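# Structure assessment
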Amino acid sequence: MDQLVSVEVGGTDRRARIPERLQKRDQERQEELERRKEAKQSKEVTEEKSDFFTSTFSKEKADIEELLVGGGEAEPGSLAGRLEDISARIQQLQKFLNDSMVFLPQYELRQAQAALQKLHSDLVEKRGELLPKKKFAFRSRNVGANNTNKETPEPRKGGEQASRPIDLTDASVTASPGNSDDVSAQCGFSNVVSQVLIKRADEINQRDVLLTHLSSCTVKLFGAPSTLHIKHVRDSTILCGPVSSSVFIDHCSGCTFAFPCQQLRTHNTTDSRAYLHVTSRAIVEDCSGVRFAPFTWSYPGLEEDFQVSGLDRERNNWTQVDDFNWLASDTPSPNWSVIPEEERKTTWV
């Protein structure tokens, strides 16, 4: 009798648990349906954002290209202002891209980045065509009496005095007539060997800066340029204040760079180090032996230059580097690396 009661009780327990299991399964099914619904909505939102980006980016890009084509029709006195307006629009388009990177597919992102780089290059070329060129000339003068605040170069080994610092008042440095990277119509240095080159905030703030064909030089740019182009530079140190939009490095070797920027694009560069503050991402392509560390250069007025540039002082994605030649997501790229802390440069001459 006791055994019969026990069996009946056990059967009752099992029957009672059946609705609980059914209820649990139904709840899990509802949760799965809700997850699928949210995923579908999220995908639709992402696609809508991507479509909006594509149409907006394409329209603005076409407008800028039209302005570049018609740039020569402006009055000579307004050419510089018009080119600065075009530069500002390219900078805003760069910011729009950076803000959209989180939802863009990789292919679309690369296409947009390539289009922006072409706009930057076209603007540099247009400046060289339209604005007056200066002759190549060095004018030395006594720096000590009138420029006591300038940095004094250290003696080299063997007692040889280091090259005199050069800024815009000390020398007019432009490209040779046959050089396509003409800096005569814009701010920059070209074709210089073993010199200390300096430009200050009143010369470079919100301007496009081009450094090209430099060898064994130290360049110090105090201020907040709009963009910075570094091409065909070897065995040199390039220090720059906050760059409002992009830094483009191409065909450089054996160099040390230090700058904050919104985006860094590095091409065809080898055996170089970048001390970086970047608010979006750094990109390398066709590079090898490129090493990264956080930005450590400092100078009086750096905080004010950060404000001029509009960069976020607290946001630094210096370790987020995309290698366009390395598609394996589960294996680190062999083309770039992080500089170990004990090897990082913390003091700058």
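Everything in this summary refers to the structure shown in the same document. Treat the numbers as computed from the prediction; the structure is a model and nothing was measured. (Residues numbered from 1 in each chain as written. Predicted model: local features only at pLDDT ≥ 70, side-chain atom pairs only at ≥ 80, totals over all residues. Heavy atoms only, no water.)

This part covers the overall build of the protein. Within the protein, the regular secondary structure consists of six helices and 16 strands. With 349 residues in all, the protein has 44% of them scored as buried. In the protein, once contacts between residues fewer than 6 apart in sequence are set aside, the share between residues at least 24 apart is 44%. For the protein, the computed accessible surface area is about 19,000 Å², with 50% contributed by carbon and sulfur atoms. (Helix = DSSP H or I, 4+ residues; strand = E, 2+ residues; numbered from the N terminus. Buried < 20%, exposed > 50% of the residue type's maximum accessible area, 1.4 Å probe, protein only. Contact = heavy atoms within 4.5 Å. Areas by Shrake-Rupley, 256 points an atom, 1.4 Å probe, with all protein chains shown as cover.)

We now examine unusual backbone geometry. The backbone of H213 sits at a positive phi, close to 55°, despite the residue not being glycine. Notably, H251 is not glycine yet its phi reads approximately 55°, a positive angle. A residue is classified by how much of its surface remains accessible, and H251, at 39% relative accessible area, is partly exposed.

Before going further, it helps to spend a moment on the nonpolar core. L211, L228, I230, F259 and F292 are the most contacted members of the largest nonpolar core, which totals 36 residues. Each residue touching I230, except ones within four places of it in the same chain, is listed here: L211, I238, V247, F248, I249, D250, C252, F257 and F259. Grouped together as the second largest cluster of nonpolar side chains are 18 residues, M101, L109, A112 and A115 included. (Core = buried A, V, L, I, M, F, W, Y, C linked by side-chain atoms within 4.5 Å.)

The subject of this paragraph is empty space enclosed by the protein. Going through the model one piece at a time under the given rule, you end up with one cavity of 30 Å³ or more. Volume-wise, the largest cavity comes out at about 40 Å³. The element contributing the most residues to the lining of the largest cavity is strand β11 (residues 256–267), with three residues. Taken together, the residues of the lining of the largest cavity break down into six nonpolar, three polar and no charged. (1 Å grid on protein atoms, 1.4 Å probe; cavity = no way out; pocket = protein on both sides within 12 Å on 5 of 7 lines; lining within 4 Å. Points joined across faces, edges and corners; volume = space filled by probe spheres on them. Nonpolar A, V, L, I, M, F, W, Y, C, P; charged D, E, K, R; others polar.)

Going residue by residue along strand β5 (residues 196–199), you find V196 and I198 tucked away on one face and L197 and K199 tucked away on the opposite face as well. By the bridge criterion, four bridges tie β5 to strand β7 (residues 218–221) in an arrangement that is parallel. Residue pairing across strands places K199 opposite L221, the latter belonging to β7. (Pairing = 2+ DSSP bridges.)

Another point: the pattern of salt bridges. On inspection of all chains with the given rule, the structure shows ten salt bridges. The partner of R265 in a salt bridge is E285, and the shortest N-O contact between them spans 3.8 Å. Here R265, found in strand β11, pairs with E285, found in strand β13 (residues 282–285); they are 20 residues apart in sequence, far enough to count as distant. What makes R265 buried here is its relative accessible area of 4%. Its salt-bridge partner being R291, residue E343 comes within 3.0 Å of it at the nearest N-O pair. (Salt bridge = Lys/Arg side-chain N within 4 Å of Asp/Glu carboxyl O.)

Let's shift gears to the layout of surface pockets. There is about 470 Å³ of room inside the second largest pocket. When contributions to the lining of the second largest pocket are tallied by element, the ones reaching two or more residues are α2 (79–100) and α3 (106–130). Element by element, the count of residues in the lining of the second largest pocket is highest for α2, at five residues. Of the residues in the lining of the second largest pocket, the class split is five nonpolar, twelve polar and six charged.

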